[in-house]
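Residues per chain, in single letters:
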Amino acid sequence: MAGETTPEDEGTETTAAPAKPVLRVVRGDLTPEELAAMVAVVAARNAAAAHAAANAAGPKPRSEWGHPSRAARTPLRVGPDAWRRSAWA
């Protein structure tokens with residue numbers, strides 16, 4: 001029965017609390033352009049800090065599964081029964 005509600009569903013409606021503002025103007029009256037400039041500066045500083053933190057961690061270690069040396073075969077050894085060892089070397 002699509003679209004029907006049960007008595008249990010009626011009381012489960014939740015109201016979202018208003019989100020706390022990230023920036024707040026304490027004094028003065030900003031124009032929309034000034035507010036946009038302030039937000040751009042704060043966002044640029046946060047991006048620069050995140051970029052610096054990511055670079056400080058260093059490069060990720062390389063997986064050895066795809067390393068080119070795994071594709072190279074070991075040299076064949078000359079000697080008795082070399083043809084048997086050539087399949088396993």
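Reading the values: the criteria
- Residues numbered from 1 in each chain as written.
- Predicted model: local features only at pLDDT ≥ 70, side-chain atom pairs only at ≥ 80, totals over all residues.
- Heavy atoms only, no water.
- Helix = DSSP H or I, 4+ residues; strand = E, 2+ residues; numbered from the N terminus.
- Areas by Shrake-Rupley, 256 points an atom, 1.4 Å probe, with all protein chains shown as cover.
- pLDDT = per-residue confidence, 0-100.
- Buried < 20%, exposed > 50% of the residue type's maximum accessible area, 1.4 Å probe, protein only.
- Patch = residues over 30% accessible without salt bridge, like charges linked within 9 Å, V, L, I, M, F, W, Y side chains within 5 Å.
- Salt bridge = Lys/Arg side-chain N within 4 Å of Asp/Glu carboxyl O.

Asker: Please set out the overall build of the protein residue by residue, giving values where relevant.
Answerer: The number of helices and strands found in the protein is three helices and zero strands. Moving toward the C terminus, one meets the helices and strands of the protein in the order α-α-α. Carbon and sulfur atoms make up 60% of the accessible area of the protein, which totals about 8,900 Å².

Asker: Please give an account of the confidence of the model for the protein that cites residues and values.
Answerer: Model confidence for the protein is summarised by a mean pLDDT of 77, while 78% of its residues fall at 70 or above. Averaged pLDDT values over the elements of the protein bottom out at 55 in helix α1 (residues 7-10) and peak at 90 in helix α2 (residues 32-56).

Asker: Which residues make up the environment of Ser 63, and what are the values?
Answerer: Looking at where Ser 63 falls in the secondary structure, it is placed in the loop between α2 and α3 (82-85). Looking at Ser 63, the relative accessible area reads 44%, which means it is partly exposed.

Asker: Which residues make up a nonpolar patch on the surface, and what values go with them?
Answerer: Together, Val 22, Leu 23, Val 25, Leu 30, Leu 35, Met 38, Val 39 and Val 42 make up an exposed nonpolar region whose accessible area comes to about 630 Å². Residue position: Leu 30 is located in the loop between α1 and α2. For Leu 30, a relative accessible area of 34% translates into the label partly exposed.

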